[in-house]
Amino acid sequence: MSSEKHSLSVSRFVPTAVKGTRFYGLAHRNKPEIKRFVKFAVVGAGGLVIDIGLLNIFERHLGMPVPPAVALAFIIAATNNFIWNRLWVYPESRTQKKRRQMPVFLAVNAAGLLINELIFLLFQAPITALVRLIPIPFFQAHYRGIGLNVTKLIAAVVVMLWNFFVNRFVTFRNVAWKRNIPAEIEPADSAL
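Residues numbered from 1 in each chain as written. Predicted model: local features only at pLDDT ≥ 70, side-chain atom pairs only at ≥ 80, totals over all residues. Heavy atoms only, no water.

Participant: Just to check I follow, could you spell out the environment of threonine 95 for this structure?
Facilitator: By secondary structure assignment, the location of threonine 95 is in the loop between helix H4 (66-89) and helix H5 (98-132). Relative accessible area serves as the criterion here: at 69%, threonine 95 is assigned to the exposed category. C-alpha separation for the pair threonine 95 and asparagine 174, spaced 79 residues apart in sequence, amounts to 9.2 Å. A polar contact of 3.5 Å, which involves the side chain of threonine 95, links it to the backbone oxygen of glutamate 92. (Helix = DSSP H or I, 4+ residues; strand = E, 2+ residues; numbered from the N terminus. Buried < 20%, exposed > 50% of the residue type's maximum accessible area, 1.4 Å probe, protein only. Polar contact = N/O pair within 3.5 Å; in protein donor to acceptor, adjacent residues only side chain to side chain.)

Here you go:
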C-alpha cells in the first residue's frame, strides 16, 4: 500500500471530453464555491420538503386556495432557509446584522415567490391535465395532487437557481469569493 492518500475526487469520474470544456475549468477553479452551492442546495432541499409538505397541508387538507397556500408555505420555508444559509452556507456573513440581512434575503425570495407563482399560473393546469391523461389508475385517482407537486418541483428548480445567484451576489455579497489556488508552476530549468 502506498503512502499517498487517495482522495475521493469527483473529477476521476468525469469523462475526458468534459474535462476540456470551459464550464469544467470554471467549476474546477471555483471548487469552494461549488461546495457552497451544494450546501445551498441541501438547505434548499430541506426548505423544499417544508414547502411541499406545508403546501399539501394548506391546500389539500385545510382547503386553502392555491395562491395563498403557495405563498404561506414558501414564506415559512424561506425563513427556515435564511437561518440555515446564515449558519451553515455563509457563516462568514454573521458579521452583518440579521435585521439588515434578512429583509434583503426575504426581498430576493419575494421575487422568487413571484417567479414561483407565475410558474404555477402558467403550468399547473396543463401539467395536471397531462397527468390526468396517463392511463394508470393511480395517476387518474391522484392527478390533481400529482400535477400540483410536479409543478412545485419545476418551480423549485427555477427558483433555487434564482435564489442562489441573487443571494450570493446581493444578500451575502460581503462573503469573499473562494477559489482554488493553483499550484505554482516550476521554472523549466528546475525540472532538469
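That covers the picture; the talk isn't over yet.
Participant: What exactly am I supposed to notice about the confidence of the model for the protein here?
Facilitator: Close inspection of predicted coordinates is inappropriate in any region flagged by low pLDDT. In this model, the protein carries an average pLDDT of 82, and 78% of its residues clear a pLDDT of 70 or more. Of all the helices and strands in the protein, helix H2 (residues 22-29) carries the lowest mean pLDDT, 62, while H5 carries the highest, 91. Scored below 50 in pLDDT, residues 183-192 shows zero contacts in the model against residues more than four places distant or in partner chains. (pLDDT = per-residue confidence, 0-100. Contact = heavy atoms within 4.5 Å.)

Participant: I tried to follow helix H3 (residues 31-61) on my own but got confused; where do I start?
Facilitator: One turn of the α-helix equals 3.6 residues, which is why residues spaced by three or four share an orientation. Given a rise of 1.5 Å per residue, 31 residues ought to cover 45 Å, and the 43 Å separating the end C-alpha atoms of H3 matches this to within 8%. Every buried residue of H3 is listed here: Glu33, Arg36, Phe40, Val43, Gly47, Asp51, Ile52, Leu55, Asn56, Phe58 and Glu59. Buried positions along H3 lie against H4, H5 and helix H7 (143-171). Just past H3, the residue glycine 63 takes up positive phi, approximately 75°. (Expected span 1.5 Å × (residues − 1).)

Participant: Could you clarify how one ought to interpret the side chain of asparagine 167 in this entry?
Facilitator: Mapped onto the secondary structure, asparagine 167 falls in helix H7. Owing to a relative accessible area of 0%, asparagine 167 belongs among the buried residues under this scheme. Looking at asparagine 167, its side chain comes within polar contact range of the side chain of threonine 171, at 2.5 Å. Filtering out sequence-adjacent residues up to four positions away, asparagine 167 remains in contact with Phe105, Val108, Asn109, Phe172 and Arg173.

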